[in-house]
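# Coordinate analysis (summary)
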Amino acid sequence: MADKLNVITIAGSLRKGSFNAALARQLPKWAPEGMSITEAPPWADFPTYNADDQNASGFPASVTALADAIRAADGVIIVSPEYNYGVPGGLKNAVDWVSRIKDQPFKDKPVAIQSVAGGPLGGGRVQYQWRQICVFLEALAFTRPEVFVGMAAQKFDEKTLEFKDEAGINFIKQQLAGFEKFIRKVEG
Amino acid sequence: MPNVLVICGSLRKGSFNAMLTRALPALAPEGMKLTDAPRVDTIPHYNYDDQAATGFPPSVTALADAIRAADGVIIVSPEYNWTIPGTLKNAIDWVSRMKEQPFKDKPVALQSCSGALLGGSRMQYHLRQCLTSIDALIFGRPEVIVTFAPQKFDEATGELKDQTTRDMIKLQLAAFAKFMERVK
């Protein structure tokens, strides 16, 4: 295993001012010494999943790019908003695509989950849906500490989108440190 | 007499779930009219910036209008990775953002097919969770969960030939008609 773990983030929101995407971009600041965190290739232009299209023309290049990045990574951090008490359809569609690829990229892959929401639960409901999906994918879902960022509007700088909540930053640091240990443990 | 919109969560031609939607009219109680919803595959990925810049795409407003005009909705969907297909969830995410939110107070029943023994039930319970957030009136039982789908449909004709399943669907559709009448 490399001295420095290669961890990629996948953000579940497409809007520019997204708190979730902003949090994903800032994670490198709080990564432990032994972990490098970069953003995964984008899923924004994935077509809607249709097995007929897959059979006719195979996997789109954007799908294989994401799959390759996941395979090459030591771990994945999903930073996802909650839409209608559940997983955002756009990102779920991306996972549906990559899950159909041979040498399924999430298999045995350590995955940590974070969520940001405007309300008090901070995306609690979406995280447990992600955990159920991870069971199917045979991903190794990291458990605790969990990172739920509630009342987001009070915790990010309105202009710069800098995450400035000390308690939240501590949780994130603890999670990333725990995730590093977890990855090293399961990768042996 | 109720006008019911059917939303299918699978796009492929040979989909068992699509076969199931085609079986429904013959099993519906007298007077229930079933209509296929506009397709969801041309709906772009939800992005608030796009919504703010250009409003709701015609594919989204067409679906929303169809839901609003219906007395009830039946969602027939496969399970992908133990939950709702991304495409279907994305369609719900879009319409849920509209003023006069189309699912609000709308009776919704669920059906699913899968090749294995749980019949898409995990997807159905996630859908119940999501529909709770948009104030749909979610029909309870009987549930239609079609397991081992390849054994229950004629693969050549697409016909639903399993009598137990047909009976269960009849019961659900009859009960759904009563439910819609009650909550109207």
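Everything discussed here concerns the structure shown above.
The sections below set out a description of the structure shown in this document. If you're wondering where the values come from, they're calculated on a predicted model, not measured in any experiment.

## A short note on the environment of Met180(B)
Residue and element names in this part refer to chain B. You can see Met 180 is positioned in helix H6 (residues 163-183). Judged by relative accessible area, which is 5%, Met 180 ranks as buried. For the pair Met 180 and Gly 120, spaced 60 residues apart in sequence, the C-alpha separation works out to 24 Å. Setting aside anything within four residues of it in sequence, one finds Met 180 in contact with Pro 2, Val 4, Met 32, Asp 71, Gly 72 and Pro 107.

## Overview of the interface of chain B and chain A
Counting residues at the interface gives 31 residues for chain B and 33 residues for chain A. Interface of chain B and chain A: buried area, both sides summed, is about 2,700 Å²; carbon and sulfur atoms make up 53% of it. The largest contributions to the chain B side of the interface with chain A come from His45(B), Asn81(B) and Trp82(B), which together make up 27% of the buried area. The tally of links from chain B across to chain A stands at 0 salt bridges.

## Side note on the pairing of strand E4 (residues 107-113) of chain B
Residues and elements named next belong to chain B. The element E4 is largely enclosed, with a buried count of 7 among its 7 residues. A two-sided burial pattern is seen for E4, the buried positions comprising Pro 107, Ala 109, Gln 111 and Cys 113 on one face and Val 108, Leu 110 and Ser 112 on the other. In terms of strand pairing, strand E3 (residues 72-76) meets E4 through 4 bridges, oriented parallel. Bridged to Val 73 within E4 is Val 108. Chirality of the crossover, the property in question, places the unit of E3, helix H4 (residues 86-96) and E4 among those that are right-handed.

## Observations regarding helix H1 (residues 16-27) of chain B
Residue and element names in this part refer to chain B. Over its 12 residues, H1 runs 17 Å from end to end, which matches the ideal 16 Å to within 8%, given 1.5 Å per residue. Most of H1 sits inside the fold, with 9 of its 12 residues counted as buried. When we look at burial in H1, the residues that qualify are Phe 16, Asn 17, Ala 18, Met 19, Leu 20, Thr 21, Ala 23, Leu 24 and Leu 27. Between the side-chain oxygen at the start of H1 and the backbone nitrogen of Asn 17 there is a gap of 3.1 Å, and the oxygen is on Ser 15.

## Considering the packing of aromatic side chains
Scanning the entire structure with this criterion turns up 17 aromatic pairs over all chains. Ring plane angle 50 degrees and centroid distance 4.9 Å describe the contact between Phe156(A) and Phe163(A), whose orientation is recorded as tilted. Its relative accessible area of 1% is what places Phe163(A) among the buried residues. Ring centres of Phe16(B) and Phe153(B) lie 5.6 Å apart, and the angle between their planes is 40 degrees; on these two criteria the pair is classed as tilted. Of the two residues, Phe16(B) sits in helix H1 while Phe153(B) sits in the loop between strand E6 (144-146) and H6, which places them 137 residues apart along the sequence. Each member of the pair Phe16(B) and Phe153(B) is classed as buried. An aromatic cluster is present here, built from Phe19(A), Trp30(A), Phe156(A) and Phe163(A) joined pairwise through their rings. For Arg125(A), the ring lying beneath its charged end belongs to Tyr85(A), and the centroid distance is 3.7 Å.

Reading the values: the criteria
Residues numbered from 1 in each chain as written. Chains lettered and ligands numbered in written order. Predicted model: local features only at pLDDT ≥ 70, side-chain atom pairs only at ≥ 80, totals over all residues. Heavy atoms only, no water. Helix = DSSP H or I, 4+ residues; strand = E, 2+ residues; numbered from the N terminus. Buried < 20%, exposed > 50% of the residue type's maximum accessible area, 1.4 Å probe, protein only. Contact = heavy atoms within 4.5 Å. Buried area = accessible area lost by both parts, 1.4 Å probe. Salt bridge = Lys/Arg side-chain N within 4 Å of Asp/Glu carboxyl O. Pairing = 2+ DSSP bridges. Right-handed = clockwise from strand over helix to strand, strands pointing away. Expected span 1.5 Å × (residues − 1). Polar contact = N/O pair within 3.5 Å; in protein donor to acceptor, adjacent residues only side chain to side chain. Phe/Tyr/Trp six-rings, centres within 6.5 Å; stacked < 30°, edge-to-face > 60°. Lys NZ or Arg CZ within 6 Å of the ring centre and 35° of its normal.

Honestly, it's all geometry; don't read function into it.
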